[in-house]
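Observations on chain architecture
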Amino acid sequence: MVFVVDDDASVRDALSNLFRSVGLRVKVFTSAHEFLQHKLPDAPSCLILDIRLPRVSGLDFQAELAKAGIHIPIIFMTGHGDIPMTVRAMKAGAVDFLTKPFRDQDMLDAVTTAIERDRGRRDEAKVLSDLRTAFANLTPRERQVMALVTAGLMNKQIAAEIGVAEITVKIHRGHIMRKMAAKSLPDLVRMAQMLGIGAASGRPQT
């Protein structure tokens, strides 16, 4: 889904026709406020945002979206762009900054990049959500053992650290690998890194 926010009807119409011509779904809005009233779909999306909008600038709206936790890739367009504006927009995570009039292909290329970025972000978020669910299903002892295992300790060291028999540690490790669906120790270490688990706590960092 491509969203367009621009107070110029001719720009909205032209971009709608362009995106629909290549099979993209598109919704247009006249203002940032109108866009915020719309429920975003659970699908890869991007936002085409005019830098100069009624009541709020595109750059300020970009900051508002970030504060609200709305992580939609943004492509800015403007007829009055300058270098400081471009730098500020890109540093805040914008995908592109196009100066009107721009070529249709440049806009389509930017949208392709933006949607792929959003698709990747959504995939990563799903993986992390699944990992957190799996980690929550571990017992407190299994979480402790996982933290120590992924910190590089051997079974014998872990057994001494938590005061259990080495065979008990091996059993816990087996349960952890199964519950976390880890294919190998490096795989489990990668999961621990994604969860932000440290050896001291065995809890994901927030």
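Up top you'll find the structure we're talking about.
Here is a short report on the structure shown in this document.

What follows deals with the sheet that holds strand E2 (residues 26-29). Taken in spatial order, the five strands make up an open sheet running E2-E1-E3-E4-E5, and their pairing is parallel. Lying at the two open borders of the sheet, with one neighbouring strand each, are E2 and strand E5 (96-99). Strand-to-strand twist in this sheet, taken as the mean axis angle between neighbours without regard to direction, amounts to 20 degrees. Of the strand pairs in this sheet, strand E4 (residues 74-78) and E5 are connected by four bridges, and their pairing is parallel. Its bridge partner being in E5, Ile 75 is matched across the sheet by Asp 96. Running at roughly 175 degrees to E2, helix H1 (residues 9-21) makes contact with strand E1 (2-5), E2, strand E3 (46-50) and E4 of the sheet.

Before going further, it helps to spend a moment on the pattern of salt bridges. In this structure the tally under the stated criterion is 11 salt bridges. Salt-bridge contacts for Arg 119 lead to Glu 116; the nearest nitrogen and oxygen are separated by 2.4 Å. Highlighted residues: Arg 119 and Glu 116, both in helix H5 (residues 104-136), separated by three residues, approximately one helical turn. On the basis of relative accessible area, Glu 116 is assigned to the partly exposed category, the value being 46%.

Time to look at the nonpolar core. Of all hydrophobic cores here, the largest spans 22 residues; its most connected members are Met 146, Met 180, Leu 188 and Leu 195. The biggest single contributor to this core is helix H6 (residues 140-150), with five residues. Of all hydrophobic cores here, the second largest spans 21 residues; its members include Met 1, Ala 32, Leu 49 and Ala 89.

What counts, and where the lines are drawn
- Residues numbered from 1 in each chain as written.
- Predicted model: local features only at pLDDT ≥ 70, side-chain atom pairs only at ≥ 80, totals over all residues.
- Heavy atoms only, no water.
- Pairing = 2+ DSSP bridges.
- Helix = DSSP H or I, 4+ residues; strand = E, 2+ residues; numbered from the N terminus.
- Axes fitted to C-alpha atoms, helices over the stretch in contact; angles between N-to-C directions.
- Contact = heavy atoms within 4.5 Å.
- Salt bridge = Lys/Arg side-chain N within 4 Å of Asp/Glu carboxyl O.
- Buried < 20%, exposed > 50% of the residue type's maximum accessible area, 1.4 Å probe, protein only.
- Core = buried A, V, L, I, M, F, W, Y, C linked by side-chain atoms within 4.5 Å.

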